[in-house]
Amino acid sequence: MKNTLPYRRVDKAILNAFIQLSASIPFEKLTVQDILEEALVSRYTFYAHFHDKYEVAERLQADMFREFLVYMQEKIPEIDARPISSVEHHRMIDDAVIEFSRKHHAQMNAIKNIHTETIDYFRLIRNFFTDNYKKRVGYHFNKDLEAKIYANMATAVMDYYDSASGPASNISESVTESYISAALYAIGLHDREKCRKARDFLVKLNQN
């Protein structure tokens, strides 16, 4: 029975084996036999739980995304309830996203580079932030484009800080500076010194 404790324990063992192996073996080279040996289960037992490695990845993605939704559905109302500027709001959302990704580094690392019709974790994240942006912002001509840009930035932040090995200090400041630098470059300000001065000015403006 799928709801029994022994069944769930085997499920967890297989998922954990997949996560552990993904740290050293690319998904395309990972085999069911590798998972069997890591999870210490028989081939018969594996196929009683999953059809193949793709279904294991799909389950992990579903579990991760469900946890992400629960986490953000708790965080966003808390942030929305605060009397803060839109800039500070984005900073706090970024911090929440980074916090989640770092707590789930191993799980995210196991699936974030898999891209199939049914497996694309960051596509789900981008869709979430796109929808969230549209709900929060009133109608105007560029809302769809802004929502996509915002979603892609949030996903990039999650991916970058999940992969970064450095300390987590001053994350908000670094994210803000990166947004500003990218925006300045996008509008044609490519001179390094002029870009630095403009970025420093805008960063200070955001802090006031």
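In what follows, the structure referred to is the one given above.
> Help me understand helix 2 (residues 32–39) in this model?
Each α-helix turn comprises 3.6 residues. Residues three or four places apart therefore point the same way. Of all the positions in helix 2, only V32, I35, L36 and A39 are classed as buried. Taken end-on, helix 2 shows its buried residues confined to a sector of 100°, consistent with a single buried face. Those residues of helix 2 hidden inside the fold are in contact with helix 1 (5–22), helix 3 (43–49) and helix 4 (53–80). Residue L40 follows helix 2 closely and has a positive phi angle near 60°.

> Help me understand unusual backbone geometry in this model?
Negative phi values dominate among residues other than glycine, just as trans dominates among peptide bonds. The phi torsion at L40 lies on the positive side, around 60°, for a residue other than glycine. In this structure L40 comes out as exposed when scored by relative accessible area, which is 75%.

> Which parts of the structure should I look at to understand the side chain of Q61?
Along the chain, Q61 falls in helix 4. Within polar-contact distance, the side chain of Q61 engages the backbone nitrogen of Y121 at 3.1 Å. The contacts of Q61, once residues within four sequence positions are left out, are I111, T118, I119, D120, Y121 and L124.

> Help me out: how do you make sense of helix 1 in this one?
The end-to-end C-alpha distance of helix 1 is 26 Å, a good match for the 26 Å that 18 residues give at a rise of 1.5 Å each. Within helix 1, burial applies to Y7, D11, I14, L15, A17, F18, I19, L21 and S22.

> What's the story with the environment of S101 in this structure? I'm lost.
Within the secondary structure layout, S101 lies in helix 5 (residues 86–103). When the C-alpha positions of S101 and Y160 are compared, they lie 9.8 Å apart, and in sequence the two are 59 residues distant. Excluding residues that lie within four positions of it along the chain, S101 makes contacts with M108, M158 and D162. At 2.9 Å, the side chain of S101 and the backbone oxygen of I98 are in polar contact.

> Teacher, can you tell me more about the side chain of K112 here?
Inspection of the secondary structure assignment puts K112 in the loop between helix 6 (105–111) and helix 7 (121–136). A distance of 3.0 Å separates polar atoms of two side chains, one belonging to K112 and the other to D159.

What counts, and where the lines are drawn
- Residues numbered from 1 in each chain as written.
- Predicted model: local features only at pLDDT ≥ 70, side-chain atom pairs only at ≥ 80, totals over all residues.
- Heavy atoms only, no water.
- Buried < 20%, exposed > 50% of the residue type's maximum accessible area, 1.4 Å probe, protein only.
- Helix = DSSP H or I, 4+ residues; strand = E, 2+ residues; numbered from the N terminus.
- Arc of directions from axis to C-beta.
- Contact = heavy atoms within 4.5 Å.
- Polar contact = N/O pair within 3.5 Å; in protein donor to acceptor, adjacent residues only side chain to side chain.
- Expected span 1.5 Å × (residues − 1).

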